[in-house]
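Listed below, chain by chain, are the residues.
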Amino acid sequence: MKIVGIKYCGECNPEIDIGDFMKRLKLRLNSLGFTLTTDIDKSYGLIIVNGCRVGCLKREKFANFENIVVINGASIDSVIVDESKLAEKIAEKLFGGNC
Amino acid sequence: MKNREQYIESLKNLKTQVYYFGKRIDNIIEHPSFKPHINSAALTYELANMPEYEELLTATSHLTGKKINRFTHIHQSTEDLVKKVKALRLLGQKTGACFQRCVGWDALNATYTVTYEMDQKYGTDYHKRFLEYLKFVQENDLMIAGSMTDPKGDRSLRPSQQADPDLYVHIVEKNDKGIVVRGAKAHQTGIINSHEMIVMPTIAMGEEDKDYAVVFAIPVDTEGVIHIFGRQTNDSRRFEEGEIDKGNYKYGIVGGEALTIFNDVFVPWERVFMCGEFDYAGLLVERFASYHRQNYGGCKTGVSDVIIGSAVAIAEYNGVAKASHVRDKIVEMVHLAETLYCGSIACSAEGFPTPSGAYFVNPLLANTVKQNVTRYIYEICRLCHDIAGGIIATLPSEADLKNEEIGPYIEKYLKGVADVSTEDRIRILRLIENMTGGTALVESMHGAGSPQAQRIMILRQANLNQKKKLAEDLAGIKKEH
């Protein structure tokens, strides 16, 4: 199984239900043969999870990753997304037409 | 870094002298009065080891380059100061209470900055000693109590003028090995379940108070140190069966405070970080107090998030969630809480480096935040009481609810909306009772200094002459400036 890295902002005041989002994300990625890891050095791509629109954790901090998706609350790479669709959209961003 | 279990285990190795209800308490870990406070502090260890929270609750030591618990970190940037506030909000949300470690954290940062400046002026080696101590704290992920408030006796008199010289902690002996201190510190948050304490002066000192200008660090179980644990509102409910009547049964309220006595306590020189430099006592107090006042728009906002959540829940359980006046009150609660948060973020974003390189908050804004906390938390709690109703003051006990004979009456007559159980309604009401009254409120008023202490610092930094000049210029008043 391949692995995708995940990095959290620290979640001081999230606008989305992180627990629910993570459940959906794990299920979706597993269905594509991927699993999540916090050991980001060994991962294919990186998902940055900011709990709100402030987006404390910036893309620039992880410049060595080519394949990054940034969640700022209910948005992906600054585009607002229905919260229940976040996991699906992340998979599309990461794997394009392969999912 | 320690984890939750290692922290709790480490407390077992201490021989801390604790008294409560007239008795010596040998096992604080399993004692119902201390357990919630230990749980709360333990969360600072537990969450720091979780990837979801590590960005806020860990940092990289500027001394060793190692990953450390943020509660032992020296702020290296405004980003660090902002992360501090966010970490405190997070923990306030998770505990609904005080998690105690910020006091020692602020003591570490204040002592770090002031020892550096003292050494620059006097050629002393306090900062070097402190760096060794800091490495020890970071390496062992220790919980530090910040010990500032002396009993103060007659407030109109200086420390050296008191009828009883022990009403402020002072040096009674110096020898080639160290110093001996006597006195007491009041309101010692989390000290019962800390590893170490940093003792600091509580006010600016003059030359006549030289022996009172002392900063040092010792283990909380040092010989001669006695802790007398304070009472809290409804604390005897912790001895009762069940959990409902305790409200926030897992984490308690505020931090668990004690009166700590120093009976001729020996402190080795390597643990002494100020010894008679009276002209730096005021600076240390200002640094510590400003760092500590910064916190209150973080942790209290987190706690307010829980109080607001409980108001939303009880409004739903009572069937009044859609009433416009209820919604408006909830908006007001959110507005007040976020105003506090704004202040803490602002004083952090406007932080600046001290000569040591460690960052300090904007003290005017930090004092303004804390001043607002002395008012807004009361208002948030008042609005919560308004929404919850008088039932928070008249609820029957959990024992009655569970009683076979009368419990069904309580189930029947204290029911709210159909889809919420009576027990759940009572649980939220008890949480509100616990979090919004008595000890919890007073802590917002006096924790990190009483309102007047903030007003003195606000006035000192208000730059009134510049404001006067602005007005005079606009009014066309010609003066030779």
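Higher on the page you've got the structure.
To keep things clear, this report deals only with the structure shown in the data block. (Residues numbered from 1 in each chain as written. Chains lettered and ligands numbered in written order. Predicted model: local features only at pLDDT ≥ 70, side-chain atom pairs only at ≥ 80, totals over all residues. Heavy atoms only, no water.)

**Looking at the overall build of chain B**
- Along chain B, the regular secondary structure elements total 15 helices and 14 strands.
- Radius of gyration (C-alpha) of chain B: 24 Å, near the 23 Å computed for a compact globule of 481 residues.
- Seen through its principal axes, chain B has C-alpha atoms that stretch 75 × 70 × 50 Å.
- A total of 481 residues make up chain B; the buried ones form 56% of that total.
- Considering only contacts in chain B between residues 6 or more positions apart, those separated by 24 or more positions represent 77%.
- Just so you have it, chain B exposes about 20000 Å², and 53% of that area is on carbon and sulfur atoms. (Helix = DSSP H or I, 4+ residues; strand = E, 2+ residues; numbered from the N terminus. Rg over C-alpha atoms; globule rule 2.2 N^0.38 Å. Buried < 20%, exposed > 50% of the residue type's maximum accessible area, 1.4 Å probe, protein only. Contact = heavy atoms within 4.5 Å. Areas by Shrake-Rupley, 256 points an atom, 1.4 Å probe, with all protein chains shown as cover.)

**Overview of unusual backbone geometry**
Residue and element names in this part refer to chain B.
- Phi at Lys 152 takes a positive value of approximately 75 degrees, unusual for a residue other than glycine.
- For Lys 152, the position within the fold is in the loop between strand 5 (144–147) and strand 6 (170–174).
- Residues other than glycine seldom take positive phi values, yet Val 254 does so here, at roughly 40 degrees.
- Checked against the element boundaries, Val 254 lands in the loop between strand 10 (225–229) and strand 11 (257–268).

**So, the sheet that holds strand 6 of chain B**
Residues and elements named next belong to chain B.
- Here we have six strands laid out as an open sheet, ordered 2-1-10-11-7-6, and mixed in their pairing. Each end of this open sheet is capped by a strand with a single partner; those strands are strand 2 (23–25) and strand 6. Averaged over all adjacent pairs, the angle separating strand axes in this sheet is 20 degrees, with direction ignored.
- One ladder, built from three bridges, connects strand 1 (residues 18–20) with strand 2; its direction is antiparallel. When the sheet's bridge partners are listed, Val 18 is paired in strand 2 with Ile 25. (Pairing = 2+ DSSP bridges. Axes fitted to C-alpha atoms, helices over the stretch in contact; angles between N-to-C directions.)

**Quick look at helix 5 (residues 101–122) of chain B**
Residues and elements named next belong to chain B.
- With 22 residues, helix 5 should reach 32 Å at 1.5 Å per residue; the first-to-last C-alpha distance of 31 Å fits that figure.
- Helix 5 sits mainly inside the fold: 18 of its 22 residues count as buried.
- Of the residues flanking the end of helix 5, it is Gly 123, one or two places downstream, whose phi is positive at about 70 degrees. (Expected span 1.5 Å × (residues − 1).)

**Let's talk about the side chain of B:Lys246**
Residues and elements named next belong to chain B.
- Here Lys 246 is to be found in the loop between strand 10 and strand 11.
- In this structure, Lys 246 is buried with no salt-bridge partner, the nearest side chain bearing the opposite charge being Glu 398 at 5.9 Å.
- Once you skip the residues sitting within four places of it in the chain, Lys 246 turns out to touch Arg 237, Arg 238, Glu 240, Glu 241 and Asn 434. (Lys, Arg positive; Asp, Glu negative; His and termini not counted. Salt bridge = Lys/Arg side-chain N within 4 Å of Asp/Glu carboxyl O.)

**Let's talk about the sheet that holds strand 9 (residues 214–219) of chain B**
All names here are of chain B.
- One open sheet holds the four strands; their spatial order is 5-8-9-12, and the pairing between them is mixed. Each of the sheet's edge strands pairs with one partner strand only, and the pair in question is strand 5 and strand 12 (272–275). Sheet twist, expressed as the average angle between the axes of neighbouring strands with direction ignored, equals 20 degrees.
- By the bridge criterion, four bridges tie strand 8 (residues 196–199) to strand 9 in an arrangement that is antiparallel. Note on strand 9: the bridge partner recorded for Glu 196 is Pro 219.
- Against the sheet, helix 6 (residues 126–140) makes contact with strand 5, strand 8, strand 9 and strand 12, and its axis sits at roughly 145 degrees relative to strand 12, the strand it touches most.

**Looking at the side chain of B:Gln294**
Residues and elements named next belong to chain B.
- By the secondary structure assignment, Gln 294 is in helix 7 (residues 281–318).
- On the basis of relative accessibility, which here comes to 0%, the residue Gln 294 falls in the buried class.
- In contact with Gln 294, not counting residues within four places along its chain, are Leu 81, Lys 84, Val 85, Ser 344, Cys 347, Ser 348, Val 361 and Ala 366.

**Focus: the packing of helix 2 (residues 35–46) of chain B against helix 4 (residues 78–95) of chain B**
Residues and elements named next belong to chain B.
- In the contact formed by helix 2 and helix 4, the axes pass within 11 Å of each other and the chain directions differ by 135 degrees. By the angle class used here, helix 2 and helix 4 are oblique. For the pair helix 2 and helix 4, the crossing hand works out as right-handed. Facing Ser 40, Leu 43 and Thr 44 of helix 2, the residues of helix 4 in contact are Leu 91, Lys 94 and Thr 95.
- Considered class by class, the residues forming the contact of helix 2 with helix 4 number two nonpolar, three polar and one charged. (Parallel < 35°, antiparallel > 145°, perpendicular 65-115°, else oblique. Left-handed = near helix turned anticlockwise from the far one by under 90°. Nonpolar A, V, L, I, M, F, W, Y, C, P; charged D, E, K, R; others polar.)

**Thoughts on the packing of aromatic side chains**
- Under the criterion given, the structure shown has 21 aromatic pairs over all chains.
- Ring geometry for A:Phe34 against A:Tyr44: centres 5.7 Å apart, planes inclined by 40 degrees, an arrangement best described as tilted. Taken together, the residues A:Phe34 in strand 2 (residues 34–37) and A:Tyr44 in the loop between strand 2 and strand 3 (46–50) connect sequence positions 10 residues apart.
- Ring geometry for B:Phe216 versus B:Phe262: centroids 6.2 Å apart, planes at 90 degrees, classification edge-to-face. (Phe/Tyr/Trp six-rings, centres within 6.5 Å; stacked < 30°, edge-to-face > 60°.)

**Some words on the packing of helix 1 (residues 18–31) of chain A against helix 2 (residues 86–95) of chain A**
Residues and elements named next belong to chain A.
- It is at 8 Å that the axes of helix 1 and helix 2 come closest, and there the two elements cross at 40 degrees. In terms of orientation, helix 1 and helix 2 fall into the oblique class. Considering the relative orientation of helix 1 and helix 2, their crossing is right-handed. Across the interface between the two elements, Phe 21, Arg 24, Leu 25, Arg 28 and Leu 29 of helix 1 pack against Leu 86, Ala 87, Glu 88, Ile 90, Ala 91 and Phe 95 of helix 2.

Functional significance is not addressed by these values, which are geometric in nature.
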